[in-house]
Amino acid sequence: MTRTHDEAVRPRRGASAGVPVDEPAQPDRIRRPSDAIRFGVSCAGLAAVMLLVSFAQQTTHGIQTDIAEGTAHAPQLLLALATLASSFGVLAVPIAFAVERLFHKDGMRVAIALLAAMIALAVTITLDDLVVQAAPGGVLDSLIWGGTDTAPVHTDIAPVIAFVSVVGMAGRIRWQTATWSMIGLAALTGLTAAYASVSALAATYFLGRAIGHGTLYAVGTPNPRPTGMTVVTALERLGLCPRRAARLDDPADGGEEARRYGVLLASSPAGADPVPASGGGTGAWHLELRVLDRDQQTAGLPYRLWRMLRLRRTTTGRTLRSLRRSLEQESLTAYAAAAAGARTPRLVGTLEVGTQAALLAYEHVPGRRLRDVPAEEVTDELLTDVWRQFGLLQKGRLAHRRLEEDAVLVGDDGAAHLVDLWSGEIAAGDLALRLDLAQLLTTLALRVGPERAVRTAVPVLGEEALAAAVPMLQRVALSRATRQAVRRDRELLPRIREEIARLKPESEAAPVRLERFRPRTIFSMVALSIAAYIVIPQFGSVDLMQLVAKATWWWAGVALGGAALTYLAAAFMLMGFVPERLPLWRTVLVQVAASFVKLVAPAAVGGVAVNTRYLQRSGVRPGPAVASVGASQLVGLVVHVLLLVLFGFLTGSTGTATKDLAPSRTVVVAVLLIGLVAGLAMTIPRVRRVVTGRLRSMFSGVVPRLVDVLQSPRKLFTGIGGSLLLTVGFVLCLDASIRAFGGSLPWTTVVVVFLTANAVGSAVPTPGGLGAVEGALTLALTISGLGAETAASAVLLYRLLTLWLPVLPGWAAFAYLQRKESL
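Residues numbered from 1 in each chain as written. Predicted model: local features only at pLDDT ≥ 70, side-chain atom pairs only at ≥ 80, totals over all residues. Heavy atoms only, no water.

(A) Quick peek at the side chain of Asp249. By the secondary structure assignment, Asp249 is in the loop between strand S4 (242–247) and strand S5 (259–265). Polar contacts involving the side chain of Asp249 include one to the side chain of Arg247, which spans 2.9 Å. A polar contact is formed between the side chain of Asp249 and the backbone nitrogen of Arg260, at a distance of 2.7 Å. (Helix = DSSP H or I, 4+ residues; strand = E, 2+ residues; numbered from the N terminus. Polar contact = N/O pair within 3.5 Å; in protein donor to acceptor, adjacent residues only side chain to side chain.)

(B) Examining helix H8 (residues 198–219) more closely. The end-to-end C-alpha distance of H8 is 32 Å, a good match for the 32 Å that 22 residues give at a rise of 1.5 Å each. Following H8 by one or two positions, Gly220 has its phi on the positive side, about 95°. (Expected span 1.5 Å × (residues − 1).)

(C) Representation of empty space enclosed by the protein in the model. One pass over the full model with this rule turns up 1 cavity of 30 Å³ or more. Here the largest cavity defines a volume of roughly 30 Å³. Thr333, Ala337, Leu393, Leu398, Ala399, His400 and Leu421 together form the lining of the largest cavity. Taken together, the residues that form the lining of the largest cavity break down as 5 nonpolar, 2 polar and no charged. (1 Å grid on protein atoms, 1.4 Å probe; cavity = no way out; pocket = protein on both sides within 12 Å on 5 of 7 lines; lining within 4 Å. Points joined across faces, edges and corners; volume = space filled by probe spheres on them. Nonpolar A, V, L, I, M, F, W, Y, C, P; charged D, E, K, R; others polar.)

(D) Spatial organisation of the pattern of salt bridges. Scanning the model with the defined rule gives 24 salt bridges in all. Across the pair Arg247 and Glu23 runs a salt bridge whose closest N-O atoms are separated by 3.7 Å. Placement of the pair is Arg247 in strand S4 and Glu23 in the loop between strand S1 (21–22) and strand S2 (29–30), with a sequence separation of 224 residues. What makes Arg247 buried here is its relative accessible area of 16%. Of the charged contacts, one joins Arg739 and Asp735 as a salt bridge, the two residues approaching to 2.8 Å between their closest N and O atoms. Placement of both Arg739 and Asp735 in helix H27 (residues 713–739) is noted, with a separation of 4 residues, approximately one turn of the helix. Arg739 sits in the partly exposed class, given a relative accessible area of 28%. Taking relative accessible area as the criterion, Asp735 reaches 14% and is therefore assigned buried. (Salt bridge = Lys/Arg side-chain N within 4 Å of Asp/Glu carboxyl O. Buried < 20%, exposed > 50% of the residue type's maximum accessible area, 1.4 Å probe, protein only.)

(E) Here's a closer look at the sheet that holds strand S10 (residues 408–411). The 3 strands lie next to each other as S9-S10-S11, forming an open sheet whose pairing is antiparallel. The sheet terminates laterally at strand S9 (367–369) and strand S11 (416–418), the two strands that pair on one side only. Going across the sheet, the axis of each strand differs from the next one's by a mean of 30°, ignoring polarity. In this sheet, S10 lies alongside S9 in antiparallel orientation, the contact comprising 3 bridges. Paired with Arg368 across the two strands is Val410, which belongs to S10. In the packing of helix H12 (residues 380–395) onto the sheet, contacts are made with S10 and S11, and the angle to S11 comes to roughly 35°. (Pairing = 2+ DSSP bridges. Axes fitted to C-alpha atoms, helices over the stretch in contact; angles between N-to-C directions. Contact = heavy atoms within 4.5 Å.)

(F) Expanded view of the sheet that holds strand S6 (residues 286–293). With respect to topology, 6 strands assemble into an open sheet ordered S1-S4-S5-S6-S8-S7, the strand pairing being mixed. Lying at the two open borders of the sheet, with one neighbouring strand each, are S1 and strand S7 (347–353). Sheet analysis places S7 next to strand S8 (residues 357–363), joined by 6 bridges and oriented antiparallel. Across the sheet, residue Glu352 finds its bridge partner in S8, namely Ala358. Strand contacts of helix H11 (residues 323–339): S6, S7 and S8, with the helix running at about 15° to S8, the strand carrying the most contacts.

(G) Quick look at the nonpolar core. One finds Trp387, Leu441, Leu444, Ile496 and Ile500 to be the most contacted residues of the largest nonpolar core, which totals 53 residues. Element by element, the count of residues in this core is highest for helix H13 (residues 430–448), at 8 residues. Those residues in contact with Leu444, other than ones at most four positions away along the chain, are Leu370, Leu383, Val386, Trp387, Gly449 and Ala453. Counting residues in each nonpolar core, the second largest holds 38 residues, with Phe730, Val751, Val752 and Leu797 among its members. (Core = buried A, V, L, I, M, F, W, Y, C linked by side-chain atoms within 4.5 Å.)

(H) Molecular detail of unusual backbone geometry. If you check the backbone angles, Arg397 has positive phi at about 60° while not being a glycine. Positionally, Arg397 belongs in the loop between H12 and S10. A residue is classified by how much of its surface remains accessible, and Arg397, at 34% relative accessible area, is partly exposed. Not every positive phi belongs to a glycine, and Arg401 is a case in point at roughly 75°. As for its position among the elements, Arg401 is in the loop between H12 and S10.

Quick look at the structure:
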C-alpha cells in the first residue's frame, strides 16, 4: 500500500499522536552529497570552457561575430528596453523571491544565498580588475576575444546565479522562469554591447554555479528529513497503531543506506498473524522501518558512475534512482523474494512521508547479522541453510547484488534470513545470478574458509552451478567491502577455485571479461597524451628526407648490431638464474617475442610475463619459474642502480659540458635525500607493512633461488654478465644513433642518459615506455650539449631500432613459439 501527500508529515489525531520515539537529536544542518556533486560538475564545466577556447578559438570567435552581426539589425529601441528590463529584473526577481522565502521563515537559506552572492561578486571583481591586468592575452584573451577591454566573467550575472543556486527554486516553475529569463536577457544584452563573449558567459554560468553549490555544501543546508516522530506517526495511514519506537542504526555510521526504526504496535493489522515482540508481550506486532531520505539518493553516485563506466552494462545496476524508483524497486524485490519462498522479513507496507522521505515497514525478525555471530555458532547446518535460501532466490531469477555478511540475518531460532534487498533485481540474467554466487562464495569463504564454504554449497546448488561461478571469481566482480578484504588475503580467490576444481576438474576456465577497461588503461592514456604533448613538438621540426640524405648509415648499421646484441644479453641474463638447462637459441627467440608483447603491456610487465610462461613450458614448476624471473629482475635492478651511481660520479668528474647533467655533488645530495625520505616513510607502521608486503609478494622465493645460483659460479657469471652486456648493447645502439647524425658525446654521458631514460620508461605504465623514454632521452641529450635536431633524430633512430623494428620479427617469434607450445 503506497500513498503520497504532504499531510503525511503532520501527526493525525489518534493513538499515535504521542508515540515516544527513542532516537538521538537530528542535526539542524546537513551536507548533501548532491551539492558536492554539482560543485564538481560545475568546476568540470568551467575547465571544459577554458580548454575549449584554447583549442577552438576560431569557433568561439565565429559564434561571437554571428551574434554581433545578428543583433546589429535589431531595433535600437528594443535593445534599449531589453537592457533596461534586464538591468532591473536580474536583481529585482531574486530579491522578490528572497522576501517571499523570508515570509515563509526560511531566512537562513536566504542568508547563505547572500553569502554565496557576495563571494561570487568578490571573485568576479578580482578576475576582472586584477587578473586581466596582471596577465593579459593567452587563455584569457582567447576567452574574452577582445583583449582587456572586455571582462572574462559577467560581474552582474555571476552573483545572481550563485544566489539562485543556493536559495533553491525547485518546484516553483514561475519563479524559475522569471529568474532565468532575466539572467538570459542580461546575457544577451552583454553580447550585443560587446561586454562579454559567449565563452565568457558560459564561464560565468559555471563559476556562479560552482560558488553557489560549494558554499551550500560548506555551510550546510537546513535538515529536510522528517523526524522519527513524523515517520512513526505516518504508519496510521497504513492502518497501523504504533505504541513505541526506537532508532536501530547508529546515526554516526556514514555507511548506512537508510535510517532504521524498530516499532512496537498496539495491535496487529487486519489479516496478519500476531508476532510476539521482545518486551511487548504476546499479541503485539513488532515492525522494522527502513526510511529512505531524498537527500541520500545521490550518496555514492561518483563511485557508482565509475563502476558503470568501467564495468560492462550487464554487470551493473541502475546508477541513479529517484526516491520513488528506489521505493518501488525495493518493494518489488521484497515481494518477489517472498513469492519465491526465500526466508526474508515480510514487507507489510510502503508509504511516502511528505516529499523528502519514504518508508518501508517490515516484520521484525529478532536475531543477529552473520558478522556478529561468534565463530563457534557458524555451523555447517547454518551455512547449508544460507545456501538453501540463496538457492530459492536463484530459482526465482532474483539477484541480491550485496550478499555480504550484513545481508544474512541469523534469527534467534537459528534460521537464516536474507535481508537488505534494496539493491536487488528481478528477472535477473545468468550473468547477474553467477555474480551473486561468486559474491556469496567469497563472503562465506572469508568467514569460514574456502573448504567449508564450497563443501556446504555442493549439496544445495550442485557441482555444475559452482563450476559456473569459477570465471566470476575475480576482485572486480565483488562489492567494495569484499574487495578490500580480498586484497588483504590475495590467495583467497585462487583457493576457492582450487576447492571447486577438486570437485569438478574441468571447471577451471579463464575469467569472464567484466571490465570495459582497467584503471591502468586510463593512466596509460594520460601518460601517453602528456608524453605526446612533450615529444611531438620536438620531432615536428625534423625533416625526414633531409635526415635520410645526411645520415651516416654505416653508424646506423652499428646501432642495429647493438640492438640485436640486447636479445642475446637478455637470454644470458635469464639463463644465468635458472639452474635448469635452457637452449640458447630458443631463449633468444623468447626475448625477440617479448619485444612484440612490449607494445601491448608496460615495459616492466611484458617481459616478465613472457619469460615466466616460457620457463613453465620448459618444465620449471610455477613457483621456481616466478622466483627465477624475479631473481633476474632483482639483480638487473641492483646492477642498473650501481651503474647509474658509478657513471654519474664519472660524468660529474670529467669536467665536460655535461657536468650539469649529473654532477657528483648532486648525485650525493639526491641519494641522501631519497634515503632520508625513505627512512622517514618506513617509520610509519602502515607504510612499512605495505612495502614489506609488496616486496614479499614480488620477490617471494627469490632469495632461495639466488642461493642456488651462487653455488654455480658459471651460472652467476652468465646472469650478471648478461645484465652488463644488456646495458652495453643499448648504450652502443644509442651512441651509434647519435654518431649517425653527426653528433658526439662522451661515452660516460651516453651511459647516464640511457640509464636515466630506461628507469623512467620502466616506471611509466605505457606500452614499452612509449612517450616517456622519448621525452627523457631527448631532454637528457639536449642538456648534455647535443643540438635539439640532432638529439631528436638520434632518439627517433634509437627507438625505431629497439621498439618498432622488432615488432614484426617479434610477432613471428611469438606465433612460432606458441605453435611449438613453448609459450
